[in-house]
Amino acid sequence: MSTRCGLFLLAIFGMLLAACDGDRPAPAAAAAAAAAPREDIFARVMADKRVRIGVKADTPPFGVASGDTYVGFDIDIAMAVAKQLGIEQVEFVPVTSADRIKRLLHGDVDMVVASMTITRYREKKVDFTLPYFQDGEGLLVKKESPIASYLDLAGKTVGCVKGSTSSYYMKQVAPDCATKVYANFDELMAGFDKDEVDAITTDTLILIGLMKNAREPDAYRLAGDRFTTEPYGIAVPENQSRWRDALDSAIQELWENGRWQVICDSWFGPGAKYETSVNFSITPYPH
Ligand code: GLU
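Attention in this report is confined to the structure presented alongside it. Remember, it's a predicted structure, so these values are computed and weren't measured experimentally. (Residues numbered from 1 in each chain as written. Predicted model: local features only at pLDDT ≥ 70, side-chain atom pairs only at ≥ 80, totals over all residues. Heavy atoms only, no water.)

Before going further, it helps to examine the overall build of the protein. On a plain count of helices and strands, the protein comes out with 10 helices and 15 strands. The burial tally for the protein puts 45% of its 287 residues in the buried class. Relative to all contacts within the protein whose residues are 6 or more apart in sequence, the contacts with residues 24 or more apart total 71%. (Helix = DSSP H or I, 4+ residues; strand = E, 2+ residues; numbered from the N terminus. Buried < 20%, exposed > 50% of the residue type's maximum accessible area, 1.4 Å probe, protein only. Contact = heavy atoms within 4.5 Å.)

Within the secondary structure, valine 109 is located in the loop between helix H5 (100-105) and strand S6 (111-112). A residue is classified by how much of its surface remains accessible, and valine 109, at 1% relative accessible area, is buried. Between the alpha carbons of valine 109 and valine 55 there is a distance of 9.7 Å; along the sequence they are 54 residues apart. Those residues within four positions of valine 109 in sequence are excluded, and the remaining contacts are Arg52, Ile53, Gly54, Val93, Arg103 and Leu104.

Lys56, Ser97, Ser115, Thr117 and Asp203 are the nearest of the 15 residues found near the ligand. The contact in question runs from an oxygen atom of the ligand to an N or O atom on the side chain of lysine 56, over 2.7 Å. Burial of the ligand by the protein chains amounts to 100% of its free accessible area of 280 Å². Of all elements in the fold, only strand S12 (199-203) and strand S14 (230-232) reach the threshold of two or more residues within the shell around the ligand. (Near = heavy atom within 4 Å. Polar contact = N/O pair within 3.5 Å; in protein donor to acceptor, adjacent residues only side chain to side chain. Areas by Shrake-Rupley, 256 points an atom, 1.4 Å probe, with all protein chains shown as cover.)

A separate point is the nonpolar core. Nonpolar side chains in soluble globular proteins tend to be buried together. Membership of the largest hydrophobic core comes to 56 residues, with the highest contact counts inside it found for Phe73, Val81, Met111 and Trp243. For this core, the elements supplying multiple residues, two or more each, are helix H3 (41-48), strand S1 (50-56), helix H4 (73-84), helix H7 (185-193), helix H8 (204-212), helix H9 (241-256) and helix H10 (259-268). By residue number, the principal contributor to this core is H4, which donates 7 residues. Excluding its chain neighbours within four sequence positions, the residues that come into contact with methionine 111 are Val51, Arg52, Ile53, Gly54, Val81, Leu104, Ile234, Ala235, Val236, Trp243 and Leu247. (Core = buried A, V, L, I, M, F, W, Y, C linked by side-chain atoms within 4.5 Å.)

Our next topic: the pairing of strand S11 (residues 178-182). The side chains of a regular strand alternate between both faces of the sheet. With 5 bridges joining them, strand S10 (residues 157-161) and S11 adopt parallel strand pairing. Counted as the bridge partner of threonine 157 is alanine 178 from S11. With helix H6 (residues 166-173) bridging S10 and its parallel neighbour S11, the resulting β-α-β unit is right-handed. (Pairing = 2+ DSSP bridges. Right-handed = clockwise from strand over helix to strand, strands pointing away.)

So, on to H6. Taken together, the buried positions of H6 are occupied by Ser166, Ser167 and Met170. Buried residues of H6 fall within an arc of 95 degrees about the axis and therefore sit on the same side. On its buried side, H6 packs onto strand S9 (137-142), S10, S11 and S12. (Arc of directions from axis to C-beta.)

Overall, antiparallel pairing links the 3 strands, which are arranged S2-S3-S4 in an open sheet. Whereas interior strands pair on both sides, the edge strands pair on one side only; in this sheet they are strand S2 (58-59) and strand S4 (69-71). Bridge analysis of strand S3 (residues 63-66) against S4 gives 3 bridges, and the strand direction is antiparallel. Looking across to S4, one finds that valine 64 is bridged to valine 71.

When two helices pack together, their arrangement is captured by the angle between the axes and the distance separating the axes. Where H4 contacts H9, the two axes come as close as 9 Å, and the packing angle between them is 105 degrees. Taken as axis vectors, H4 and H9 run roughly perpendicular relative to one another. Contacts between H4 and H9 involve Ile77, Ala80, Val81 and Gln84 on the former and, on the latter, Leu247, Ala250, Ile251, Glu253 and Leu254. The residue makeup of the contact of H4 with H9, split by class, is 7 nonpolar, 1 polar and 1 charged. (Axes fitted to C-alpha atoms, helices over the stretch in contact; angles between N-to-C directions. Parallel < 35°, antiparallel > 145°, perpendicular 65-115°, else oblique. Nonpolar A, V, L, I, M, F, W, Y, C, P; charged D, E, K, R; others polar.)

The end-to-end C-alpha distance of H9 is 22 Å, a good match for the 22 Å that 16 residues give at a rise of 1.5 Å each. At its buried positions, H9 is contacted by H3, S1, H4, S6, strand S15 (235-236) and H10. (Expected span 1.5 Å × (residues − 1).)

Take the packing of aromatic side chains next. As enumerated under the stated definition, the model contains 20 aromatic pairs in all. A ring pair is formed by phenylalanine 73 and phenylalanine 133, whose centres lie 4.8 Å apart and whose planes are at 50 degrees; its orientation type is tilted. Taken together, the residues phenylalanine 73 in helix H4 and phenylalanine 133 in strand S8 (residues 133-135) connect sequence positions 60 residues apart. Of the two residues, phenylalanine 73 and phenylalanine 133, both sit in the buried class. Consider the rings of phenylalanine 133 and phenylalanine 268, whose centres lie 5.5 Å apart with planes at 25 degrees: the pair is stacked. Of the two residues, phenylalanine 133 sits in strand S8 while phenylalanine 268 sits in helix H10, which places them 135 residues apart along the sequence. Residues phenylalanine 133 and phenylalanine 268 agree in their burial class; the two are buried. (Phe/Tyr/Trp six-rings, centres within 6.5 Å; stacked < 30°, edge-to-face > 60°.)

That is the geometry; function is a separate question.
Structure, rendered in structure tokens:
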């Protein structure tokens, strides 16, 4: 056999092997990938003074698209955290409840500030900072609805958003109700207005936000009190300890220097559009 013919057969053999192995990388490639140093997000962000932040675009009062930018409590917290760290350039990237973890793991964003509850299930995929806010799940119904709380949901259909904690908790507190899952909050509200569901559920301040921004805010009412605890954290990829420490430290600084309270008051304080009593505090770690 000539050398050329031998090389050709070797190449064919190699291709066949690769085809049998599907998407699985060859052992040598896998070992090289495992040994490759993971990108240090903290080092890049601090060197570039630029950060990409995943935020909500349809989730009042936390993150809403407004012209070519975004507004909301989460947006202000994200900006304040970046400023606290001396980061000059902030790029907001819209995410949904359904894709925020994927976008983070894919490297599209460096952090997610998106009304995101810290859960032990999510902790298996991403890391969280300490909580920077807390809400609880509630129920929104039409004004004339007979539903007084989640205890009246047997045989009813409740709308919720894909990728959020709400459908999971709804099944725990009201196992006899059906859930209809929507792609995002805009579609959830549109479905509710078309009477596709008897009620909708998510964190109470988001329900208030959706109601206040609806064409007829008086057509809805909250039914009952909060029935879960939803501590919000900033999500970062796993094993980025310097990055998470920096964000944790910035959150504590914002609490200590009063900036957190100013932001909170501007969204939820007396006279604010989403005025409500906020029962949340941060206990900063000692220096
Ligand atoms: N805080 C809840 C969650 O993280 C509901 C709001 C949302 O999906 O953004 O699932």
